[in-house]
Amino acid sequence: MNYKKTIPVLMAVSFICVMCSCVSNRIENAEVRMSEFIDSLMREMTVEEKLGQLNLVTGGDMVTGHVMEVELENLIRRQEIGGVFNVKGADKILALQKVAVEETKHGIPLLVGADIIHGYETVFPIPLALSCSFDTVAIERMARISAIEASASGINWTYSPMVDICRDPRWGRIAEGNGEDPYLGSILAPAYVRGYQGKNMSGKNEIMSCVKHFALYGASEAGRDYNVVDMSRQRMFNEYFLPYKAAIQAGAGSVMTSFNLIDGIPAAANKWLMTDVLRKLWGFDGLLVTDYDVISEMSKLGYAPLKEASVKALEAGTDMDMVSAGYFTTLAQSLKNGDVTENMIDNACRNVLKAKYRLGLFKDPYKYCDTTDVKHKVFTPEHRSAARKIATETFVLLKNKKELLPLSTNGKIALIGPMADAANNMCGMWSMTCSPSKHISLYDAMRDAVGEKAQILYSKGCNIYRDEDMENLANGIRPIARGDDQRLIADALRAASGADVIVAALGESAEMSGESASRADLDLPDVQKELLKALVATGKPVVLLLFTGRPLTLTWEDANVDAILNVWFGGSEAANAICDVLFGKESPSGKLTVTFPRSVGQIPLYYNHVNTSRPDSDPAAFNRYQSNYIDERNEPLYPFGYGLNYTTFAYGDLQLDTDTLTRDGKITASVKITNTGKRKGTEIVQLYSRDTFASLARPVKELKGFHRITLKPGESKVVTFEITSAMLGFYNNELEYVCEPGEFEIMVGPDSEKLSVKKFFYEEAFE
Ligand code: BGC
């Protein structure tokens, strides 16, 4: 059957349906129509053709592992693949889609995936930076713009959001997620989904999101990629699962499995995880795809060779096989042997076809391939100005001694460092779709920003690493030209000597974070730290503009540098956005969503930990037989939620309207915030709670809410939070959600440490 013949009938049915006023009926009818359509299509398909739909191959424009030698067009013609990913260019994608639709028996269109995780050609800050804005509206807008640009370029499926909670900055992929907090993660994940999928992911510029990496990938031991994870189930449910679940409840069309083990079983083959939790408990009915080559790599994990691994993954409920070709090459034989049933293959194939149907591909297979769209919809002035504004919200001001920042646009400013004139380094990881030649460097942006009023004295200062091989590793695809370090430092000091203030643009290069970019040392790279020390030794005021995809250990910098502005990787418009903040057009308002440790030895270090039986009683000293270090303090350098502003905010007394909470009741917490400085500013007011005693030990504090408020100088606002019993519960070891009676604490403040505390009692058991 060619499905195109059935479309007019379906359209007639949908017209009748528009008349129907009941929304839920309409949705049910749409589901019925989809099932009928897919059933009739599948009745005509052979087992081999169904297995072809389960096969996902890379187009090779960006690869993260082993690559099969493929000739895409022939694979499509032979109906051996259901989708392709990381192919760049609307023309190229249109040509492939045409083969699928016009040169195959059933004419089934392709899923076309890509890792569009923080923008397409208009690139936004990396997700970790975006999370520091605590701004769901900005994140939804970022995802919407990404979807508009990606869909205009042929892509219908993005492998985002990445919602893995991570508390280990050694892991390079911490850059791709929302940081360490489950609650914040569960608020931000749906914003991504809404932005990408729009109304229902069937509109012309709506694409399917893919929540990844299910599950627990961010807990890779030792911060090493693809490493082991082992975790109690209560911890999974109370902490790590929250963002995945929230994204699924927001209607994410697909989920990607992780590389790691869960309870000793590879995630993609874990039936408890994929069927019992994901599908049955959370009601996910979309497409479940593996991560890259996961099925084939199960053999190296010591779990099963390709054929058996394919059986296990299918049994677990995994629908689509990314790259390993295990499903396509082995399941027909496994069916003959009776190791899998045709029903299992049908279920997986149905989920792939459902995704295509929901995207509207059967109605209009070329809807994402209008090649004239690219010019009008990609990298537009409107998108770029949104990216610039959003970037300013993500920068975190870590230190600002004597209000050195913002800088005045007068005098002489020395701009020094390998990131200062590196336009190709502003986007960070997963930015293969951007065009660095269209970006401007910080040096150019600074000259534009100050015009004739100030002089910018630029000097590169040093390489990223002293060692060339190390630098090549750190900065493979977009290298920054190298020079001789000694000469560079001497030049820099000469430039600095004539300046009123020094701006040092230092940190990681774009590829030092992201996939396969774990680090064991989190200091500024060797020669850059030397340069910074030399600049500080001049005695001139120094601003460290820090480029990074992860928390770094900045203990020396915090003690010795006057101002530190963490700008992460701010995207294609980063240079102008940095100048907006540096010169005070905008005030920084980002707050850290991940703890900055003092030293690598403290990792994992996160604010919402459970107490030990011997908590440290005096952070300033070593306390024998208490939980602390001989050679390091316990507390972080910068805690979760921390970030300064160009203005200051005073917090009034925290007030609760009652000190007793009933099961169906609520407590209102309120606090008056006043802008006590001289500039307008945005504050992120944070609410935390603690369950003092419970049948499972609970964290010392957990974020439960936040408000972003903007205040003019002298202006005040009373911020209120409503606290209900449903917010305070937890999963016990039976994995039941309970809220136990007893004492609780409510805390409000500007970060996870500077908090006012009030106690209250919760009266009734909640199950
Ligand atoms: C990554 C995924 C990504 C996939 C496809 C893998 O190596 O882990 O996050 O979506 O490649 O590019």
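Residues numbered from 1 in each chain as written. Predicted model: local features only at pLDDT ≥ 70, side-chain atom pairs only at ≥ 80, totals over all residues. Heavy atoms only, no water.

Enquirer: Can you lay out the environment of valine 340 for me, pointing to particular residues and giving the numbers?
Expert: Secondary-structure assignment places valine 340 in the loop between α14 (326-337) and α15 (342-358). Placed 25 residues apart in sequence, valine 340 and glutamate 315 show a C-alpha to C-alpha distance of 7.6 Å. Beyond its immediate chain neighbours, meaning those up to four positions away, valine 340 contacts Val311, Leu314, Leu331, Ser334, Leu335 and Ile345. (Helix = DSSP H or I, 4+ residues; strand = E, 2+ residues; numbered from the N terminus. Contact = heavy atoms within 4.5 Å.)

Enquirer: An account of the packing of aromatic side chains is needed here, citing residue identities and associated values.
Expert: Taken as a whole and assessed by the stated rule, the structure comprises 28 aromatic pairs. Between phenylalanine 85 and tyrosine 292 the ring centres are 5.9 Å apart and the planes differ by 85°, which places this aromatic pair in the edge-to-face class. Remark: tyrosine 292 occurs in the loop between β9 (287-289) and α12 (294-297) and phenylalanine 85 occurs in strand β2 (residues 83-85); sequence separation between them is 207 residues. Assigned by exposure class, phenylalanine 85 and tyrosine 292 land together as buried. Taken together, a centroid distance of 5.2 Å and an interplanar angle of 65° make the contact between tyrosine 731 and tyrosine 737 edge-to-face. Taking relative accessible area as the criterion, tyrosine 731 reaches 16% and is therefore assigned buried. Since its relative accessible area comes to 28%, tyrosine 737 is described here as partly exposed. Taken together, the ring pairs in this structure connect Phe214, Phe237, Phe241, Tyr244, Trp272, Trp282, Tyr731 and Tyr737 into an aromatic cluster. It is arginine 447 that lies over the ring of tyrosine 443; its NZ or CZ is 3.9 Å from the centre. In this arrangement the basic side chain of lysine 533 is found over the ring face of tryptophan 556, its NZ or CZ atom lying 5.3 Å from the centre. (Phe/Tyr/Trp six-rings, centres within 6.5 Å; stacked < 30°, edge-to-face > 60°. Buried < 20%, exposed > 50% of the residue type's maximum accessible area, 1.4 Å probe, protein only. Lys NZ or Arg CZ within 6 Å of the ring centre and 35° of its normal.)

Enquirer: Tell me about the layout of surface pockets, and please be specific about residues and values.
Expert: The calculated volume of the second largest pocket comes to roughly 840 Å³. What lines the second largest pocket is a set of 31 residues, and nearest its centre among them are Leu605, His609, Asn611, Asn634 and Glu635. A per-class count over the lining of the second largest pocket returns 15 nonpolar, 10 polar and 6 charged. (1 Å grid on protein atoms, 1.4 Å probe; cavity = no way out; pocket = protein on both sides within 12 Å on 5 of 7 lines; lining within 4 Å. Points joined across faces, edges and corners; volume = space filled by probe spheres on them. Nonpolar A, V, L, I, M, F, W, Y, C, P; charged D, E, K, R; others polar.)

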